[in-house]
Amino acid sequence: MAKRSAHKERHAFVVGWPIAHSRSPALHGAWLKEHDLAGSYTAQAIAPEDFDDFLRGLPASRFCGGNVTLPHKHRAFELVDEADEVARRLSAVNTVWLDGDRVIGSNTDAYGFAANLDDRAPNWRDGNTAVVIGAGGASGAIVFALLDAGYRRVWVLNRTQQRARELAERFGDACTPGSPQMAARLSGEADLLVNTSSLGMVGQGDLDIDLSQARPSLIVTDIVYTPLRTSLLRRAEQAGLTTVDGLGMLLHQAVPGFERWFGIRPTVTEELRRIVLGSDQDDHSQAAS
Ligand code: ATR
């Protein structure tokens, strides 16, 4: 049987450096297959010195758009012809597409974080106070999502204080910087606690937070998904708390891009989780790539 869009194959990419371990090709490949679409989604390894040419060359390329991951997200924001509101707020672009010969950029990491929690712990939206561990690239998207969901107090706790302060300043009065040592005490007043640091990832150190003072209703989530049950999530489970793993954020952040490039809004299912988890056992990843 002919593929549905054989007359107009569309090609998308994920660009990064390095990119070999990205799970995005398996994820988008599964959706292409599910919807019987002719087209492709491939990993493009592009070094920083070649990235400007790659992005500016998109209108003349075979691609209709793609994902941008580390270390190019900020440079992509600077290069696109137009960035949407979320991308402007985060100064980072993770999804691009063409409008004629203009390159448009968006950032779907905040959406992916929120959609994963909507799926797994929908009452997260009732919360007021959140604790965010880490102040790297992924942290900004999550602070944005929390404030957008109506959180009134978001603590950003980071080993390097300067980074926590800079991130908090970008988001105004509702966001307060602090050190990771404050997490145990703050878990007693927080509704949600999220790890956005690389601690807990295979090969990195563990994130050890004492959750003995946590409110019983605390939701604990992690953007690290290798392993799926990080030390933080295991500890939270042992304390009887609600936990949400980070794989769903990766899957949900991919939905708007796929719809934009291929014209069908795909769904996140248990089967998709299994396919993506099985795609590369050696991957060391955070959700935002
Ligand atoms: P990303 O853009 O993927 O978020 P990043 O910018 O390198 O990656 O940020 C990684 C985060 O993990 C940072 O918050 C980092 O803390 P610092 O800003 O102090 O570097 C945090 N992190 C990494 N290793 C850590 C460790 N051993 N102890 C505490 N925090 C760590």
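Everything numeric in this text was worked out from a predicted model, so none of it was measured.

Give me the lowdown on the packing of helix α1 (residues 24–34) against helix α12 (residues 270–277), citing residues and values where you can.
Helix-helix packing: each pair is described by the crossing angle between the helix axes and the interaxial distance. The N-to-C vectors of α1 and α12 enclose an angle of 135°; their axes lie 9 Å apart at closest approach. In terms of axis orientation, α1 runs oblique to α12. Crossing handedness for the pair α1 and α12: right-handed. For the pair formed by α1 and α12, the contact residues are Ala-26, Leu-27, Ala-30 and Trp-31 on the first element and Leu-272, Ile-275 and Val-276 on the second. When its residues are assigned to classes, the contact of α1 with α12 shows seven nonpolar, no polar and no charged.

Can you explain the site of the ligand? Please cite residues and give values.
In the region of the ligand, 13 residues are neighbours, and Gly-137, Asn-158, Arg-159, Thr-160 and Arg-163 sit closest. Between the ligand and Gly-137 there is a distance of 2.8 Å, counted from an oxygen atom to a backbone nitrogen or oxygen. The separation between an oxygen atom of the ligand and a polar side-chain atom of Thr-160 is 2.5 Å. Protein contacts shield 73% of the accessible area of the ligand, which totals 640 Å² for the unbound molecule. Taken together, the residues of the shell around the ligand break down into three nonpolar, eight polar and two charged.

Any chance you could break down the pairing of strand β8 (residues 153–157) for me, citing the residues and the numbers?
The element β8 is extensively covered by neighbouring structure, given that four of its five residues are classed as buried. Both strand β7 (residues 129–133) and β8 contribute to a ladder of five bridges, which runs parallel. Bridge assignment links Ile-133 to a residue of β8, and that residue is Leu-157. Chirality of the crossover, the property in question, places the unit of β7, helix α6 (residues 137–148) and β8 among those that are right-handed. Summarising the sheet, β8 and strand β9 (residues 175–178) pair through four bridges and their orientation is parallel. Across the sheet, Leu-157 pairs through a bridge with Gly-178, a residue of β9. After leaving β8, the chain enters helix α7 (residues 161–171) and then returns to the sheet as β9, a path that is right-handed.

Describe in detail the pattern of salt bridges, supporting the description with residues and values.
Within this structure, the stated rule accounts for 14 salt bridges. For Glu-78, the salt bridge goes to Arg-75, with nearest N and O atoms at 2.8 Å. Here the residue Glu-78 and the residue Arg-75 both occupy positions in helix α3 (residues 73–79), the gap between them amounting to three residues, near one helical turn. For Arg-75, a relative accessible area of 33% puts it in the partly exposed group.

With reference to specific residues and values, describe the layout of surface pockets.
Considered as a void within the structure, the second largest pocket measures approximately 190 Å³ in volume. Lining the second largest pocket are Asp-84, Val-86, Ser-106, Asn-107, Ala-110, Tyr-111, Ala-114, Arg-125, Phe-144, Ala-145, Asp-148 and Ala-149. When contributions to the lining of the second largest pocket are tallied by element, the ones reaching two or more residues are α5 (109–120) and α6.

Lay out unusual backbone geometry with the relevant residues and their values.
Working note: non-glycine residues mostly have negative phi, and peptide bonds are mostly trans. Cis geometry marks the peptide bond from Trp-17 to Pro-18, where omega comes out at 5°. With respect to the secondary-structure elements, Pro-18 resides in the loop between β1 (10–16) and α1. In this structure, Pro-227 follows Thr-226 across a cis peptide bond, with omega equal to 5°. For Pro-227, the location among the structural elements is in the loop between β11 (219–222) and α9 (231–238). At Asp-36, a position not held by glycine, the phi torsion is positive, near 55°. A relative accessible area of 22% places Asp-36 in the partly exposed class. Even without being a glycine, Ser-91 presents a positive backbone phi close to 50°.

Tell me about the sheet that holds strand β5 (residues 95–99), residues and numbers included.
Spatial ordering of the open sheet is given by β2-β1-β3-β5-β6-β4, a layout of six strands whose pairing is mixed. Two strands close off the open sheet at either side, each with one partner strand: β2 (39–45) and β4 (82–83). In terms of strand pairing, β5 meets strand β6 (residues 102–106) through five bridges, oriented antiparallel. When the bridges of β6 are listed, Leu-98 appears paired with Val-103. Across the sheet, helix α2 (residues 48–56) is in contact with β1, β2, β3 (65–68), β5 and β6; its angle to β1 comes to roughly 160°.

Could you give an account of the sheet that holds strand β10 (residues 192–195), with specific residues and numbers?
Read across the open sheet, the six strands follow the order β9-β8-β7-β10-β11-β12; overall the sheet is parallel. Two strands in the sheet have a free side with no partner beyond their single neighbour: β9 and β12 (242–244). Strand-to-strand twist of the sheet, defined as the mean angle between neighbouring strand axes without regard to direction, takes the value 20°. When β11 meets β12, the two strands line up parallel, connected through three bridges. By the bridge assignment, Ile-219 is partnered in β12 with Thr-242. In the packing of α7 onto the sheet, the strands contacted are β8 and β9, and the crossing angle to β9 comes to about 175°.

Criteria and thresholds
- Residues numbered from 1 in each chain as written.
- Predicted model: local features only at pLDDT ≥ 70, side-chain atom pairs only at ≥ 80, totals over all residues.
- Heavy atoms only, no water.
- Axes fitted to C-alpha atoms, helices over the stretch in contact; angles between N-to-C directions.
- Helix = DSSP H or I, 4+ residues; strand = E, 2+ residues; numbered from the N terminus.
- Parallel < 35°, antiparallel > 145°, perpendicular 65-115°, else oblique.
- Left-handed = near helix turned anticlockwise from the far one by under 90°.
- Contact = heavy atoms within 4.5 Å.
- Nonpolar A, V, L, I, M, F, W, Y, C, P; charged D, E, K, R; others polar.
- Near = heavy atom within 4 Å.
- Polar contact = N/O pair within 3.5 Å; in protein donor to acceptor, adjacent residues only side chain to side chain.
- Areas by Shrake-Rupley, 256 points an atom, 1.4 Å probe, with all protein chains shown as cover.
- Buried < 20%, exposed > 50% of the residue type's maximum accessible area, 1.4 Å probe, protein only.
- Pairing = 2+ DSSP bridges.
- Right-handed = clockwise from strand over helix to strand, strands pointing away.
- Salt bridge = Lys/Arg side-chain N within 4 Å of Asp/Glu carboxyl O.
- 1 Å grid on protein atoms, 1.4 Å probe; cavity = no way out; pocket = protein on both sides within 12 Å on 5 of 7 lines; lining within 4 Å.
- Points joined across faces, edges and corners; volume = space filled by probe spheres on them.

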